[in-house]
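What follows is each chain in one-letter form.
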Amino acid sequence: MNTHPDEPRPSVPMGSTPAPPLLLRATLITGASGALGGALARQLAAPGRALLLWGRDAARLAAVAADCRAAGSTVTVRQIDLADTTAMLVALAADDAILPIGDALLVAGQGDAVPAGAVVEPPEQVARLAMINLAAPAALAAALADHMAARGQGRILLVGSAAAFHSLPNAPAYAASKAGLTRFAQALRLAVAPLGVGVTLVSPGFIDWAGGGRPVPRLLLLPLDVAARRILVAFAAGKGHAIIPRRFAALRLLDRLLPGPIRAAILRRLRP
Ligand SMILES: NC(=O)c1ccc[n+]([C@@H]2O[C@H](COP(=O)([O-])OP(=O)(O)OC[C@H]3O[C@@H](n4cnc5c(N)ncnc54)[C@H](OP(=O)(O)O)[C@@H]3O)[C@@H](O)[C@H]2O)c1
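Only a predicted model underlies this, so the values are computations on that prediction, with no experimental measurement involved. (Residues numbered from 1 in each chain as written. Predicted model: local features only at pLDDT ≥ 70, side-chain atom pairs only at ≥ 80, totals over all residues. Heavy atoms only, no water.)

### Notes on the pairing of strand β5 (residues 101-106)
Remember that side chains alternate between the two faces of the sheet whenever the strand is regular.
Next, step 1: Where burial is concerned, most of β5 is hidden: 6 out of the 6 residues are buried.
Next, step 2: For the segment spanning β5, helix α4 (residues 123-151) and strand β6 (residues 154-159), crossover handedness is right-handed. (Buried < 20%, exposed > 50% of the residue type's maximum accessible area, 1.4 Å probe, protein only. Helix = DSSP H or I, 4+ residues; strand = E, 2+ residues; numbered from the N terminus. Right-handed = clockwise from strand over helix to strand, strands pointing away.)

### Brief notes about the packing of helix α3 (residues 85-98) against α4
In a packed pair of helices, the relevant descriptors are the angle between the two axes and the axis-to-axis distance.
Next, step 1: The N-to-C vectors of α3 and α4 enclose an angle of 30°; their axes lie 11 Å apart at closest approach. For the element pair α3 / α4, the angle class is roughly parallel. In the packing of α3 onto α4, the handedness of the crossing is right-handed. Residues T85, M88, L89, L92, A93 and D96 of α3 touch α4, and the partners they reach there are M131, A136, A139, L140, A143, L144, H147 and R151.
Next, step 2: For the contact of α3 with α4, a count of residues per class yields 10 nonpolar, 2 polar and 2 charged. (Axes fitted to C-alpha atoms, helices over the stretch in contact; angles between N-to-C directions. Parallel < 35°, antiparallel > 145°, perpendicular 65-115°, else oblique. Left-handed = near helix turned anticlockwise from the far one by under 90°. Contact = heavy atoms within 4.5 Å. Nonpolar A, V, L, I, M, F, W, Y, C, P; charged D, E, K, R; others polar.)

### Examining the site of the ligand
Next, step 1: In the vicinity of the ligand there are 28 residues, among which S33, R56, D57, G205 and I207 approach most closely.
Next, step 2: One of the side-chain N or O atoms of D81 is found 2.8 Å from a nitrogen atom in the ligand.
Next, step 3: Measuring from an oxygen atom of the ligand, one finds a backbone N or O atom of I207 at 2.8 Å.
Next, step 4: When the ligand is considered free in solution it has 890 Å² of accessible area, and contact with the protein chains removes 89% of it.
Next, step 5: Elements represented by at least two residues in the shell around the ligand include exactly α1 (35-44), α5 (172-192) and β8 (206-208).
Next, step 6: Classifying every residue of the shell around the ligand by side-chain character gives 13 nonpolar, 9 polar and 6 charged. (Near = heavy atom within 4 Å. Polar contact = N/O pair within 3.5 Å; in protein donor to acceptor, adjacent residues only side chain to side chain. Areas by Shrake-Rupley, 256 points an atom, 1.4 Å probe, with all protein chains shown as cover.)

### Some remarks on the pairing of strand β2 (residues 26-30)
Next, step 1: By the criterion of burial, β2 is predominantly enclosed, with 5 of the 5 residues buried.
Next, step 2: Of the two faces of β2, the one holding A26, L28 and T30 and the one holding T27 and I29 are both buried throughout.
Next, step 3: Relative to strand β3 (residues 50-55), β2 is paired through 4 bridges, and the arrangement is parallel. Following the sheet pairing, A26 is matched in β3 by A50.
Next, step 4: For the handedness criterion, the β-α-β arrangement of β2, α1 and β3 is classed as right-handed.
Next, step 5: Alignment of β2 against β5, held across 5 bridges, turns out to be parallel. Following the sheet pairing, L28 is matched in β5 by A104. (Pairing = 2+ DSSP bridges.)

### As for the environment of P169
Next, step 1: Inspection of the secondary structure puts P169 in the loop between β6 and α5.
Next, step 2: Judged by relative accessible area, which is 16%, P169 ranks as buried.
Next, step 3: Distance in space between the C-alpha atoms of P169 and V119 is 8.9 Å, their sequence separation being 50 residues.

### Considerations on α5
Each α-helix turn comprises 3.6 residues. Residues three or four places apart therefore point the same way.
Next, step 1: Taking 1.5 Å as the rise per residue, α5 with 21 residues should run 30 Å; its terminal C-alpha atoms sit 30 Å apart, in good agreement.
Next, step 2: Buried within α5 are the following residues: A173, Y174, A175, S177, K178, L181, T182, A185, L188 and V192.
Next, step 3: Lining the buried residues of α5 we find α4, β6 and β7 (197-204). (Expected span 1.5 Å × (residues − 1).)

### A short note on the nonpolar core
Next, step 1: Core analysis: the biggest nonpolar cluster contains 32 residues, and I29, L36, L53 and L105 have the highest contact counts within it.
Next, step 2: For this core, the elements supplying multiple residues, two or more each, are α1, β3, α2 (58-70), β4 (74-79), β6, α6 (224-236) and β10 (241-244).
Next, step 3: Broken down by element, the residue count for this core peaks at 7 residues, all from α6.
Next, step 4: Counting residues in hydrophobic clusters, the runner-up holds 28 residues, among them L106, L144, L158 and V197. (Core = buried A, V, L, I, M, F, W, Y, C linked by side-chain atoms within 4.5 Å.)

### Concerning the pattern of salt bridges
Next, step 1: This model, assessed by the stated rule, comprises 7 salt bridges.
Next, step 2: As a salt-bridge pair, D67 and R42 come within 2.7 Å of each other at their nearest N and O atoms. Remark: R42 occurs in helix α1 and D67 occurs in helix α2; sequence separation between them is 25 residues.
Next, step 3: For D95, the salt bridge goes to R78, with nearest N and O atoms at 2.8 Å. Taken together, the residues D95 in helix α3 and R78 in strand β4 connect sequence positions 17 residues apart.
Next, step 4: Using a relative accessible area of 4% as the deciding quantity, one classes D95 as buried.
Next, step 5: What makes R78 buried here is its relative accessible area of 1%. (Salt bridge = Lys/Arg side-chain N within 4 Å of Asp/Glu carboxyl O.)

Shown next as structure tokens:
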């Protein structure tokens, strides 16, 4: 089991398996304990691939890790809260020093909306979503890009959301955090492409998974495995930005083209 003696306490590596010498690069997945991160990890798992799975929930992380090991991957699991920026960056440096991270899929995020009966979100929720959906993945991506640029290679995937394209009155902080991440990803891509580092932003619409439980028309729902597969195809192709499924690109265009008062009238109907 790998240990990281210089780790701060909130970041607890566990259940690690040493990487065999032939594995020269690790694939980091944040949010690996979640629906999309778990699906991505399971689809990537294969003999010869070293996976570094980050999340908070120990049981769900262990379940994903077990499936990935069964598929032949070497897996290291880290229990970490991305709200602790210092611990997060120390953990990243420690993991990258053990086995350089070649691919990083920054999937972790939170999707809260305005609580039922409320007009706006609680300010703590606004700050938390800005932290987990924007500040943490952007800081991680910056640190990763720095390590990767020094090595002249690496690929970073950032998971935004189609919500970034719309001023959603029922989820202002979520929409804003993903909009900020969208701009960050596109700017980072321009900055680090000449240094051999790829940055891909994916903006999923609604992904259908058991815990989702949202009243969304089936036409707008993408099955979890399909979403994960399309995301990996876009990442492997080195795309700058993939909107998944494409019909959300049409909704973005519509949002841009509609006269302001009509757009506002439609969006107001989304209030909780
Ligand atoms: N589901 C959708 O329809 C949809 C649509 C567009 C975009 N997305 C984006 O896709 C990503 C994954 O979403 P999902 O549907 O898979 O949701 P999910 O099942 O709730 O997974 C969220 C993941 O993020 C992790 N996470 C949340 N807060 C964290 C924190 N403070 N520190 C560390 N990890 C934290 C969770 O860890 P723990 O569970 O261990 O706490 C979990 O692994 C998110 O960025 C989300 O915004 C989802």
